[in-house]
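Descriptive structure summary
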Amino acid sequence: MEEYAREPCPWRIVDDCGGAFTLGMIGGAVFQSIKGFRNAPSGFNRRLFGSLEAVKQRSPITAGNFAVWGGMFSTIDCTLVHIRKKEDPWNSIISGAATGGILAARNGLPAMAGSALIGGALLALIEGIGILFTRLSAEQFKPVNPVIEDPSQLGPPSMFGQNNYQ
């Protein structure tokens, strides 16, 4: 079974950073539109305007935070691929833990440890689910052993590929 081929590392970082930015922008727009609608003064037009203002003000911030996380994660992942000379789930797990720890560095050592633990655990969960789905989907493509019947009971082969049983 052929594995998903990833892009080479310098482009992977840019691609993951852009994908994370897009995901943050879409998710932030949905979340901020609901939040802005709820927190706006009463009246439908005011609520729509409040929703739009919240999206314009806060979605780019969320998208930027996602892009920083995605870029840092990919950079650490590519560094680990280069150092370890192999791509496996451990790279992603270690990258998630390191990214969580580095991004929480301004909040002190306990926050770093907690964020690193959560980042590593989340990536381990994601990688584990990915491996599980790969194994489950591989089962359905496993070749089936053909059932070999006793050839003496089949009769002579016919000219058109079908046996004429009489």
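Residues numbered from 1 in each chain as written. Predicted model: local features only at pLDDT ≥ 70, side-chain atom pairs only at ≥ 80, totals over all residues. Heavy atoms only, no water.

Describing the overall build of the protein
Condition: Under the scheme used here, helices are H or I runs from DSSP no shorter than 4 residues and strands are E runs no shorter than 2 residues, and both carry numbers assigned from the N terminus. Only protein chains enter the accessibility calculation, which uses a 1.4 Å probe; a residue is then buried when its area is under 20% of its type maximum, exposed when over 50%, and partly exposed in between. When checking whether two residues touch, look at their non-hydrogen atoms; a contact exists if any pair is within 4.5 Å. Accessibility throughout is a Shrake-Rupley quantity obtained with a 1.4 Å probe, and a residue counts as covered only by protein chains that appear here.
If you tally the helices and strands in the protein, you get 4 helices and 0 strands. Walking the protein from its N terminus toward its C terminus, one meets helices and strands in the order α-α-α-α. The buried share of the protein, taken over its 166 residues, is 21%. When contacts within the protein are restricted to residue pairs at least 6 apart in sequence, long-range pairs at least 24 apart make up 52% of them. Per element, the accessible surface of the protein, about 12,600 Å² overall, is 66% carbon and sulfur.

Here we look at the state of the cysteines
Quick note on the threshold: Any two cysteine sulfur atoms within 2.5 Å of one another count as a disulfide.
For the coordinates displayed, the defined rule picks out 1 disulfide. Here Cys-9 connects covalently by a disulfide to Cys-78, the sulfurs 2.4 Å from one another. Here Cys-9 and Cys-78 share a disulfide; its torsion about the S-S bond, -100 degrees, makes the bridge left-handed. Here Cys-78 lies in helix α2 (residues 44-84) and Cys-9 lies in helix α1 (residues 9-39), a separation of 69 residues in the sequence. Comparing Cys-9 with Cys-78, the two get one shared label, buried.

A look at the UniProt feature "transmembrane region" (unreviewed entry) in the protein
Inclusion rule: UniProt positions are given in the numbering used here, feature names are shortened, and annotations may be inferred rather than shown by experiment.
On the UniProt side, "transmembrane region" (unreviewed entry) is annotated at positions that read residues 111-133 here. End C-alpha to end C-alpha, residues 111-133 measures 33 Å, and it is 100% helix and 0% strand.

Examining the packing of aromatic side chains
For any pair of aromatic rings, the description consists of the separation of the ring centres together with the inter-plane angle of the planes. Formally: Here the aromatic set is Phe, Tyr and Trp, taking the six-membered ring for Trp, and pairing holds for ring centres within 6.5 Å; pairs whose planes are under 30 degrees apart are stacked, those over 60 apart are edge-to-face, and all others are tilted.
Summed over the entire model, instances satisfying the criterion amount to 2 aromatic pairs. Plain terms: the ring middles of Phe-37 and Phe-44 are 6.1 Å apart, the flat faces sit at 75 degrees to each other, and that makes the pair edge-to-face. On the accessibility criterion, Phe-37 (29% relative accessible area) is partly exposed.

Focus on the pattern of salt bridges
Where we set the bar: In the sections that follow, a salt bridge refers to a side-chain nitrogen of Lys or Arg positioned within 4 Å of a carboxyl oxygen of Asp or Glu.
Following the criterion strictly, the structure yields 4 salt bridges and no others. Between Arg-12 and Asp-77 there is a salt bridge, with the nearest N and O atoms lying 3.7 Å from each other. Residue Arg-12 is located in helix α1, and its partner Asp-77 is located in helix α2; the two are separated by 65 residues in the primary sequence. Each member of the pair, Arg-12 as well as Asp-77, carries the same accessibility label: buried. Across the pair Arg-12 and Glu-87 runs a salt bridge, and its minimum N-O distance is 3.1 Å.

Quick word on helix α4 (residues 109-140)
Put simply, the rule is: A helix's residues, less one, multiplied by 1.5 Å, set its expected span.
With 32 residues, α4 should cover 46 Å at 1.5 Å per step; its first-to-last C-alpha distance of 47 Å lies within 8% of that length. The complete set of buried residues in α4 reads Gly-119, Gly-120 and Leu-123.

Comments concerning α2
Applied cut-off: Bend is computed residue by residue as the angle between axes fitted to the seven residues ending at the residue and the seven residues starting at it.
The first and last C-alpha atoms of α2 sit 57 Å apart over 41 residues, in line with the 60 Å expected at 1.5 Å per residue. Of all the bends in α2, the largest measures some 35 degrees and sits at Arg-58, one to four residues before the proline Pro-60. Just beyond α2, the residue with positive phi is Lys-85, at close to 65 degrees.

Some thoughts on the packing of α2 against helix α3 (residues 89-103)
Defined as follows: Helix axes use the C-alpha atoms of the stretch in contact, all axes being lines fitted to C-alpha atoms, and the angles between their N-to-C directions lie in the range 0 to 180 degrees. Any angle that is under 35 degrees is reported as roughly parallel, and any over 145 degrees as roughly antiparallel; angles of 65 to 115 degrees are reported as roughly perpendicular and all others as oblique. Rotating anticlockwise by less than a right angle from the far helix to the near helix defines a left-handed crossing, while the corresponding clockwise rotation defines a right-handed one. Gly counts as polar in this scheme, as do all residues outside two lists: the nonpolar Ala, Val, Leu, Ile, Met, Phe, Trp, Tyr, Cys and Pro, and the charged Asp, Glu, Lys and Arg.
Orientation of α2 relative to α3, taken along the N-to-C sense of each, is 135 degrees, at an axis distance of 8 Å. Relative to α3, the element α2 is oriented oblique. Crossing angle aside, the handedness with which α2 passes α3 is right-handed. Across from Val-68, Trp-69, Met-72, Phe-73, Ile-76, Asp-77, Leu-80, Val-81 and Arg-84 in α2, the residues of α3 making contact are Trp-90, Asn-91, Ser-92, Ile-94, Ser-95, Gly-96, Ala-98, Thr-99, Ile-102 and Leu-103. Considering only residue class, the contact of α2 with α3 consists of 12 nonpolar, 5 polar and 2 charged.

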